Each structure stands twice: as structure tokens, then as C-alpha cells.
Amino acid sequence: MKVLKFGGTSVGSAERMHALVHLISDVSPKIVVLSAMSGTTNNLVEIANALYAKKNELAKKLIDDLNTKYTGVISQLYKTEKVLNKSKELLVSHFNYLHSFRMDMFTANEERAILAQGELLSTALFHYYLEEIGIDSVLLPALNFMRITVNEEPDMKYIELNLTAELAKYPNNKLFITQGYICRNAFGEIDNLKRGGSDYTATIVGAAIRADEIQIWTDIDGMHNNDPRIVDKTLPIAELSFDEAAELAYFGAKILHPTCILPAQMCNIPVRLLNTMQPEAKGTVITQKVSGDSIKAVAAKDGISAIKIKSGRMLLAYGFLRSVFEIFERYKTPIDMITTSEVAVSLTIDNTQNLDAIKKELQEFCSVEIDTDLTIVCIVGNFTAEKEGYALKIFESLKNIPIRMISYGGSEHNVSILVDTKLKKDTLVALNKGLF
Ligand code: ADP
Ligand code: ASP
Ligand code: MG
């Protein structure tokens, strides 16, 4: 069985949904994971923000505008009166539900229920379309099997058990459709896998059923060697290892959800990145195999804060770092980069929710300086210790860029540098010129 995930632009219009059929209608068994139509999740975020701000009229307008958009989509999607009417009823029920949030208290729970509507709509509409053209498929409700733990990690045992049970209900079917992104949390409430989470659904589902392959279909021909939104003339990479792809995803290559590689890697399932606009393009294949010995790609992650911790007590002392790390652990704040000298440690975080409390605790035993609005630029490739010249190439390219931190040696696949976000574009362009 294969898992095929189609992102927002791949289901972004009636025309795109029509085109999708050619990519999934062969006889091989598959689970198709769909995102919300492009723009919808952003629209739902705006609706939720309006409701938080108690701007009821604005929320009404935003919901009505979205309804108009979907009414346009269904008029182009279907040909038969019967399916069109059925889809109109579907829209009525979803949009009445959205309006119902205007009547009552609004909390994070309601917000998550709103954010789930995009994937529920896209999958139901696509399922109706398959029905109209006579392609047999089963719509699997992700909320029946996707669950995260209290630590917001996929509950793999639960997912495996429940997805297998869902699939077992349809022994004669080969084509299954399900929602990306949405799940339940440990309390059974509707939740999600964070923005871009449909990729994560695909790899979690792939791992749960031990799929032969996971395909992520999007609007570009694979992972490029630099951020195509910022740098011109970027190129697709044919092969990446799981480790390399995971680093790029985590450090900002938007084509993949930050943590979606892990489930595929754990079960050694190849992940293929493909382009719905250009299905014949080779794309990128991500496997266990480490190929080539060169610098492969660069990615950037914004919204980083650096914390510099200094203490005389660190000199020749053991246990100091443990006391530092314990604080971050207690506040569930992951550290991305870290560098140390004899008397100081610099580290970076992107979740600043508890930064004030962390700072206060650190200040009890050391001096603390915090810088914000920083960007981690991550250079990924196969750098084994014996190979020479990479560092020179990287830093020669960056000779005009002030660098705040450097991290190398944590893995054989990653050199990370920290720069001011204002210099992100210059940094990516300079690396493109110097490295590729
Ligand atoms: P989808 O809606 O299909 O999930 P996304 O917008 O999440 O699509 O991801 C695809 C986009 O990721 C591309 O259009 C591209 O602009 C952006 N992107 C950022 N970095 C990279 C990269 N290194 N390689 C390819 N695409 C990238
Ligand atoms: N629809 C969700 C988002 O826009 C999930 C996804 O597209 O992957 O973030
Ligand atoms: Mg995406």
C-alpha cells in the first residue's frame, strides 16, 4: 500500500481536483491524504482571530466570504444535480457550524474545531467527486484514528490499532481518502498537527500501515537546494537521506512539515516529493541511503532567540550545563543550537512562550543576555570529518555577513549559523553563489 499526500494547491480549485484523479486512479491500493484547499486554513485562522477579538460582524463576513468561495468551487466541481445538491447540504452544515461559534464563548478548543473544517471539507468534496465519476473510494475520518499524546507527539500504538481496524472494515476497497493535519489530543478533543501538518499525517499513516512508499505531492518538483521563495535559480535535489531531509525540514524548508521525516525514517519507508503541476518530473527521493559527499542544500528558520549565559562558576565546573538544561526541560522549551566557551554558553530557542520565566531562573546563578529576531541558516550535506574544504567554502561565501553563532559537529550533515533576520536574504544569496 502507498500513501499519497496532496497539499493545498493540489486541491486548490475544482480544476485541480479534476486533475488529481489521474494521479490516483490506477489500481494499486492507496491512502490519499488531503490538505485543506489552499488559503482555507489561513481564512479559518482569520475567523478564529476575529472571534477571539469579539469582532462578531467581521467573523460573520469572513465566514460568508469563505462560503461564497466554496459555493463557487462546487458549481465547477460537479456536473450532476444530485451530487451538487448533496454538496450544497454539506456546505450548509459546515458553515452553520462555523456561524454557531459566534453565539458563545470562544476558547482554544473552539479554535481547533474551526481549524479542522478545511480538511473535512476538501476530503468530503473530493470524495463526492469520485462518487460522481464512478470511482469507488472510502472516506476514512482521521478523527477516528489520528491521536497525539499529552506531549503532542503521535500516539503511534493507538493510531496503528485504530487505523488498521478502520481499514479492516473495507476488505474489498483499494482507494481510501483521509484528512491531513487534524487529529484528536490525549483528552479526545479535536486538535491538529500544527501548520503544514498534512505532511506529518502522511508519514504517520505511512508508518502505521508500513506503507511501501509515501508520496508528498505539492507545487514544486522536489526539495530545492535553497529557498525558492527567496533565492532565484534554485535546483531540485534528486536524492536525500532521512537525516538530511529531516534537518532541512526542521530548519525551515517549507516543503516539508518540520518533524514529518521521523515516522518514515523509523520504519525505513522511502518518501518521494513530487509535483502535481508536473507529474513527470523526477522530484526528490528520501531514503536511508547517504549519497554524494557534497553540500546539498541550505534552509533558513526565522523567529529565533539567542540566550547567552555567562558565569564564573562554569570555569572547570561540572554540573553547570545540567542546571541550565533542567530549566529548559521544566519549561518544555527545546534548544536548537548550542555553543560553549570556557565561561559562557550561547543557545537558541524558537518557542519564547516561557522565556521570561526561564530568564528569571537562569539569573539566579548566571548573567543572561537575550537577542531576538534572529535566523538560523542551516547548510546540509554529507560532511564527514575526513573531508576537507567545506568550512572554507561556507565561510568564504559569508565573508561579508556578520555571524552571531556557529554550530558544527552535532551531526555529519549540518552546519548551522545564526544571523540577524535582516541579513537572511543576503546570507542565502551569498551561500547560493558560493556553494552551488
Ligand atoms: P503544500 O501546500 O503542498 O503542502 P507548501 O506550500 O507547504 O505546499 O510547500 C511547498 C512550498 O515550499 C514551495 O512552493 C516552495 O515555495 C516552498 N519551499 C521552501 N523551501 C523549499 C525548498 N528548499 N525546496 C522546495 N520548496 C521549498
Ligand atoms: N491545512 C493545513 C495548513 O494550511 C495543513 C497543511 O496544509 O498541511 O497548515
Ligand atoms: Mg505544506
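First things first, this report covers the structure right here in the doc. (Residues numbered from 1 in each chain as written. Chains lettered and ligands numbered in written order. Predicted model: local features only at pLDDT ≥ 70, side-chain atom pairs only at ≥ 80, totals over all residues. Heavy atoms only, no water.)

With that out of the way, let us pick up the nonpolar core. Grouped together as the largest cluster of nonpolar side chains are 107 residues, with contacts concentrated most on Phe6, Tyr78, Phe126, Met146, Met223, Leu256 and Ile286. Ranked by residues supplied to this core, first place goes to helix α3 (residues 56–77) with 8 residues. Look past the residues within four positions of Met223 in its chain and what remains in contact with it is Leu235, Pro236, Ile237, Leu240, Leu248, Ala253, Ile255, Leu256, Leu273 and Thr284. With 19 residues, the next largest nonpolar core counts Ala300, Ile394, Leu431 and Leu435 among its residues. (Core = buried A, V, L, I, M, F, W, Y, C linked by side-chain atoms within 4.5 Å. Buried < 20%, exposed > 50% of the residue type's maximum accessible area, 1.4 Å probe, protein only. Helix = DSSP H or I, 4+ residues; strand = E, 2+ residues; numbered from the N terminus. Contact = heavy atoms within 4.5 Å.)

Another point: the environment of Ile255. Within the fold, Ile255 resides in the loop between α9 (242–250) and α10 (261–266). Separated by 173 residues in sequence, Ile255 and Lys82 place their C-alpha atoms 38 Å apart. Contacts of Ile255, omitting those with residues within four sequence positions, involve Asp199, Thr218, Ile220, Gly222, Met223 and Leu273.

Two packed helices can be described by the angle between their axes and the distance between those axes. Running from amino to carboxyl end, helix α5 (residues 108–115) crosses helix α6 (residues 117–132) at an angle of 25°, the nearest separation of the two axes being 5 Å. With respect to α6, the element α5 is oriented roughly parallel. Taken together, the residues of α6 that come into contact with α5 (itself represented by Ala113, Ile114 and Leu115) are Gln117, Gly118 and Glu119. (Axes fitted to C-alpha atoms, helices over the stretch in contact; angles between N-to-C directions. Parallel < 35°, antiparallel > 145°, perpendicular 65-115°, else oblique.)

Taken together, Ser35, Ala36, Thr41, Glu119, Tyr181, Arg195, Gly196, Gly197 and Ser198 form the complete shell of residues around ligand 2. In this structure, an oxygen atom belonging to ligand 2 sits 3.0 Å away from a main-chain N or O atom of Ser198. With the chains in place, 85% of the 260 Å² that ligand 2 exposes on its own is no longer accessible. Partitioning the shell around ligand 2 into residue classes produces 2 nonpolar, 5 polar and 2 charged. (Near = heavy atom within 4 Å. Polar contact = N/O pair within 3.5 Å; in protein donor to acceptor, adjacent residues only side chain to side chain. Areas by Shrake-Rupley, 256 points an atom, 1.4 Å probe, with all protein chains shown as cover. Nonpolar A, V, L, I, M, F, W, Y, C, P; charged D, E, K, R; others polar.)

A rise of 1.5 Å per residue sets the reference length of helix α4 (residues 81–100), with its 20 residues, at 28 Å; its end C-alpha atoms lie 28 Å apart and thus fit the reference within 8%. Buried residues of α4: Val83, Leu84, Ser87, Leu90, Leu91, His94, Phe95, Leu98 and His99, and no others. For α4, the angular spread of the buried residues around the axis is 165°, confining them to a single face. The exposed residues of α4 that point more than 90 degrees off its buried face are Glu81, Lys82 and Glu89. (Expected span 1.5 Å × (residues − 1). Arc of directions from axis to C-beta.)

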